[in-house]
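# An overview of the molecular structure
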Amino acid sequence: MAAERKAAIVTGGGTGVGAATARWLAARGYGVVVNYSRSREPAETVAAELGDAIALQGDVAKDEDCRRLAAAAVERWGRIDAVVNSAGATQFVSMADLDGLDAEDFQRVFAVNAIGPYQMIRAAAPHLRRSRGAVVNVSSIGSQTGNGSSYAYAASKAALNTLTLALARNLAPEVRVNAVLPGFVEGRWLREGLGDAGYEKVKAQWQANAALGRVSMPEEIAGVIGWLIAEAPVVTGQLITADAGMVLGRPPAVTR
């Protein structure tokens, strides 16, 4: 057991922002549990790349899986210093299609995006208290704009924001809890959900409207997450927007 090494659990750690965050943490000396639900091969590749890391399957919608992930981290490193809730689910349905979702769709998305983070934090909380650790929940700007891949997704991420605030208040002063709200992040998840043509169209729209004229890369969001974990000791209960200025937008040109 490497008791002196800090340890982190990253849910959804096999791909996208989760994988980039696992790499960020490992580069700074953390042992990492790289959790995955279905992406076994990518998660095992990430864990092998990191060295002192383990890839573990688990569905965060299941409380027993969250407790098993926490127990695995403690067994391996004797502690938990950080939890990053990056696992996410959605149903890609146009906001114009009110019949495109049913109650079961909402329940499935909420189970992963809101209940899952709660269960993961609860399982790790005693160890986070001892280490005076940190939690970062990966939300979305859709939680504030009411837009995105579906009503279920936007609503579940809004619930995650409220959960972030409530847990930050009640796990203080030992544990800090924050959320990062990305906008469009390049990667497989959106491309698979939108299809190649839809992905390129939406990406171009974001680039045209974002104040910075671009979208984000997973490594850039991971940098914000890592900062909150390791370099922001007085930041808690915050919803940090990281969307390349999409919500801010670009002002119209002023002409005479």
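In this text, all values refer to a predicted model and were calculated from it rather than measured experimentally. (Residues numbered from 1 in each chain as written. Predicted model: local features only at pLDDT ≥ 70, side-chain atom pairs only at ≥ 80, totals over all residues. Heavy atoms only, no water.)

### What about the pattern of salt bridges?
Side chains that carry opposite charge are capable of pairing whenever their charged atoms lie near each other. Under the definition given, this model contains 14 salt bridges. Salt-bridge contacts for Arg5 lead to Asp52; the nearest nitrogen and oxygen are separated by 2.7 Å. On the criterion of sequence distance, the pair formed by Arg5 in the segment before β1 (7–11) and Asp52 in the loop between α2 (40–50) and β3 (53–57) is long-range, its members being 47 residues apart. On the accessibility criterion, Arg5 (30% relative accessible area) is partly exposed. Between Arg76 and Asp52 there is a salt bridge, with the nearest N and O atoms lying 3.0 Å from each other. Of this pair, Arg76 sits in helix α3 (residues 63–77) while Asp52 sits in the loop between α2 and β3, and the two are 24 residues apart along the sequence. (Salt bridge = Lys/Arg side-chain N within 4 Å of Asp/Glu carboxyl O. Helix = DSSP H or I, 4+ residues; strand = E, 2+ residues; numbered from the N terminus. Buried < 20%, exposed > 50% of the residue type's maximum accessible area, 1.4 Å probe, protein only.)

### Some details on the packing of aromatic side chains
This model, assessed by the stated rule, comprises three aromatic pairs. Centroid distance Phe184 to Tyr199: 5.3 Å. Interplanar angle 55 degrees. Geometry classified as tilted. Residue Phe184 is found in the loop between β6 (176–182) and α7 (188–209), and its partner Tyr199 is found in helix α7; the two are separated by 15 residues along the sequence. What makes Phe184 buried here is its relative accessible area of 3%. In this structure an aromatic cluster arises from ring pairing among Phe184, Tyr199 and Trp206. Above the face of the Trp24 ring, Arg28 is positioned so that its terminal group lies 3.7 Å from the ring centre. (Phe/Tyr/Trp six-rings, centres within 6.5 Å; stacked < 30°, edge-to-face > 60°. Lys NZ or Arg CZ within 6 Å of the ring centre and 35° of its normal.)

### Let's talk about the packing of helix α4 (residues 103–131) against helix α6 (residues 151–171)
Axis separation between α4 and α6 bottoms out at 8 Å; the angle between their running directions is 20 degrees. On the basis of the axis angle, α4 is roughly parallel to α6. Considering the relative orientation of α4 and α6, their crossing is right-handed. Side by side, α4 and α6 meet where Phe106, Val109, Phe110, Asn113, Ala114, Pro117, Tyr118, Ile121, Ala125 and Arg129 of the first sit next to Tyr151, Ala152, Tyr153, Ala155, Ser156, Lys157, Ala159, Leu160, Leu163, Leu167, Asn170 and Leu171 of the second. Of the residues in the contact of α4 with α6, the class split is 17 nonpolar, three polar and two charged. (Axes fitted to C-alpha atoms, helices over the stretch in contact; angles between N-to-C directions. Parallel < 35°, antiparallel > 145°, perpendicular 65-115°, else oblique. Left-handed = near helix turned anticlockwise from the far one by under 90°. Contact = heavy atoms within 4.5 Å. Nonpolar A, V, L, I, M, F, W, Y, C, P; charged D, E, K, R; others polar.)

### Quick notes on α7
In this model α7 runs just 22 Å from its N-terminal to its C-terminal C-alpha over 22 residues, more than 12% under the 32 Å that 1.5 Å per residue would give. Its maximal kink placed at Gly195, α7 deviates by approximately 115 degrees. (Expected span 1.5 Å × (residues − 1). Bend = angle between axes of the 7 residues up to and from the residue.)

### Structural notes on the sheet that holds β6
The sheet built from seven strands is open, its strands ordered β3-β2-β1-β4-β5-β6-β7 with parallel pairing. The outermost strands of the open sheet, each flanked by one partner alone, are β3 and β7 (239–242). Neighbour to neighbour, the strand axes of the sheet diverge by 15 degrees on average, direction disregarded. Alignment of strand β5 (residues 134–138) against β6, held across five bridges, turns out to be parallel. Within β6, the position partnered with Ala134 by the bridge is Arg176. Its contacts with the sheet put α2 on β2 (31–36) and β3, and the angle it makes with β2 is roughly 175 degrees. The strands that α4 touches are β1, β4 (82–85) and β5; relative to β4, the one it contacts most, it runs at about 175 degrees. (Pairing = 2+ DSSP bridges.)

### Overview of the packing of helix α1 (residues 16–27) against α2
It is the contact of α1 with α2, at a shortest axis distance of 10 Å, that shows an interaxial angle of 15 degrees. One element, α1, and the other, α2, form an angle in the roughly parallel class. Here the hand of the crossing between α1 and α2 comes out right-handed. Here Ala19, Ala22, Arg23 and Ala26 of α1 lie close against α2, whose contacting residues are Val46, Glu49 and Leu50. The residue makeup of the contact of α1 with α2, split by class, is five nonpolar, no polar and two charged.

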